[in-house]
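The chain contents come next:
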Amino acid sequence: LNANALGQKLLCALNQPYELEGSPHHKTPSIGLTLFRDHEERIEDILKRADLAMYQSKAAGRNTVRFYDPSMQAVVMARSALERDMREAVAEGQFVLYYQPVVNAERCTVGHEALVRWRHPQRGMVSPGEFIPVAEQTGLIMPIGQWVLRTACEQLARWATHPATADLTIAVNLSARQLRHQEFAAEVLTILDQTGARAERLKLELTESLLLHDVEETIGKMQQLAARGIRFSLDDFGTGYSSLAYLKRLPLDQLKIDQSFVRDLLTDPNDAAIARTILQLAQSMDLDVVAEGVEQEGQRQFLQALGCKGFQGYLFGRPGPLE
């Protein structure tokens, strides 16, 4: 109680405005506290615990006081172990590609979305929701993303040798780190040249969140790749905050209706209205549309009646190994 009272007192004091060189300034501190009773504890360990609590205070919105809890250390250790294992996975080739079919209005497969999966030697399949955020934060998404792109292009080159599969496309998701990398466009073109994949069969998927920063640079890279024949799809459309002014300047070929709008469109008039609006917008901009997360025949019929010609979801196939 005394420690918390002191923390709150410090918080209140540091929240007061102050003048610096004639100008008013404000501070919103984040305070982390830890308790100790044994004087034999190392000062370094005590400070580490306080530091962890301080970062929890920041994560809670800043300008707060947080006490150290052993669960904080467990989270840090688990993340550290995951990062270590992921570095080994990159070096040892533990990642695999799963493919989910994309079909047209006649239910014919026109392509696949490539989805990375991690087959851990001890843990089995690790959820992408668990390792992708850590890969983004640590920069490991760069080698993983390059491997995904190269593997997908190698598959396109193999498909090109058979008439039945020569026209199939593969969509690859891009990360923010990949798109912002200075040599991204050159690396993609090099992979195309080395694998012999047809550029027009490769589709790069980006999300609206990737358009929030460095828009002009992003447009330049996309135009460079589009000039070679690579196609672009805007994934999870309608869930972000992209400007229509930028949207019309992007060399896009396709919009994907996010599954959150597809899920309840038969029962929620708002979702149905959003899906209808996206399809009308795409039609006016001469863009293809793929509806994601289609699980029921009724959803497919409803979307097709609105003019949708592309579908992806469990109704047509779950992500799985190519074989």
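Everything here concerns the structure above.
Reading the values: rules and limits
- Residues numbered from 1 in each chain as written.
- Predicted model: local features only at pLDDT ≥ 70, side-chain atom pairs only at ≥ 80, totals over all residues.
- Heavy atoms only, no water.
- Helix = DSSP H or I, 4+ residues; strand = E, 2+ residues; numbered from the N terminus.
- Buried < 20%, exposed > 50% of the residue type's maximum accessible area, 1.4 Å probe, protein only.
- Areas by Shrake-Rupley, 256 points an atom, 1.4 Å probe, with all protein chains shown as cover.
- Lys, Arg positive; Asp, Glu negative; His and termini not counted.
- Charge placed at Lys NZ, Arg CZ, Asp CG, Glu CD.
- Pairing = 2+ DSSP bridges.
- Right-handed = clockwise from strand over helix to strand, strands pointing away.
- Patch = residues over 30% accessible without salt bridge, like charges linked within 9 Å, V, L, I, M, F, W, Y side chains within 5 Å.
- Salt bridge = Lys/Arg side-chain N within 4 Å of Asp/Glu carboxyl O.
- Contact = heavy atoms within 4.5 Å.

J.: Give a detailed account of the overall build of the chain, specifying residues and quantitative values.
T.: When helices and strands are tallied, the chain shows 12 helices and 13 strands. Principal-axis analysis of the C-alpha atoms gives the chain an extent of 75 × 45 × 45 Å. Burial statistics for the chain: of 323 residues in total, 44% are counted as buried. When the accessible area of the chain is evaluated, it comes to approximately 17800 Å², of which 51% is carbon and sulfur surface. Side chains of the chain give 34 positive and 41 negative charges; the mean places of these two sets differ by 1 Å.

J.: Quick one: what's the story with the pairing of strand β12 (residues 288-291), residue by residue and with numbers?
T.: Sheet topology note: the strand β11 (residues 254-257)/β12 ladder contains four bridges and is parallel. Its bridge partner lying in β12, L255 is registered against V289. Running through helix α12 (residues 297-305), the crossover from β12 to the neighbouring parallel element strand β13 (residues 310-311) is right-handed.

J.: Break down a nonpolar patch on the surface for me, citing the residues and quoting the values.
T.: Residues L6, L10 and L14 make up a contiguous nonpolar surface patch of about 270 Å² in total accessible area. Position of L10 among the secondary structure elements: in helix α1 (residues 2-14).

J.: Describe the environment of F232, listing the residues and the values that go with them.
T.: Relative to the elements of secondary structure, F232 occurs in strand β10 (residues 231-237). Residue class for F232 comes out buried when judged on its relative accessible area of 1%. Remark: the alpha-carbon pair of F232 and L252, spanning 20 residues in sequence, is separated by 4.9 Å.

J.: Hey, could you go over the environment of W159 for me, with residue numbers and the actual values?
T.: Structurally, the position occupied by W159 is in helix α5 (residues 141-159). In this structure W159 comes out as buried when scored by relative accessible area, which is 9%. Residues W159 and Q223, 64 residues apart in the sequence, show an inter-C-alpha distance of 26 Å. The residues touching W159, leaving out its near neighbours within four places in the chain, are H112, T165, A166, L168, T169, I170 and L322.

J.: Residue-level account of unusual backbone geometry, with values.
T.: A positive phi angle is found at R107, which is not glycine, with a value near 65 degrees. Note on placement: R107 falls in the loop between β5 (95-104) and β6 (109-120). According to the relative accessible area criterion, R107 is partly exposed, its value standing at 42%. Its identity is not glycine, yet D286 carries a phi of approximately 60 degrees, on the positive side. Along the chain, the position of D286 falls in the loop between α11 (269-284) and β12.

J.: Quick one: what's the story with the pattern of salt bridges, residue by residue and with numbers?
T.: The tally for this structure, following the rule as stated, stands at 14 salt bridges. Residues K256 and E113 are paired through a salt bridge, measuring 3.2 Å at the closest nitrogen-oxygen approach. Taken as a pair, K256 in strand β11 and E113 in strand β6 lie far apart in primary sequence, 143 residues in all. This pair shows no difference in class: K256 is buried, exactly as E113 is.

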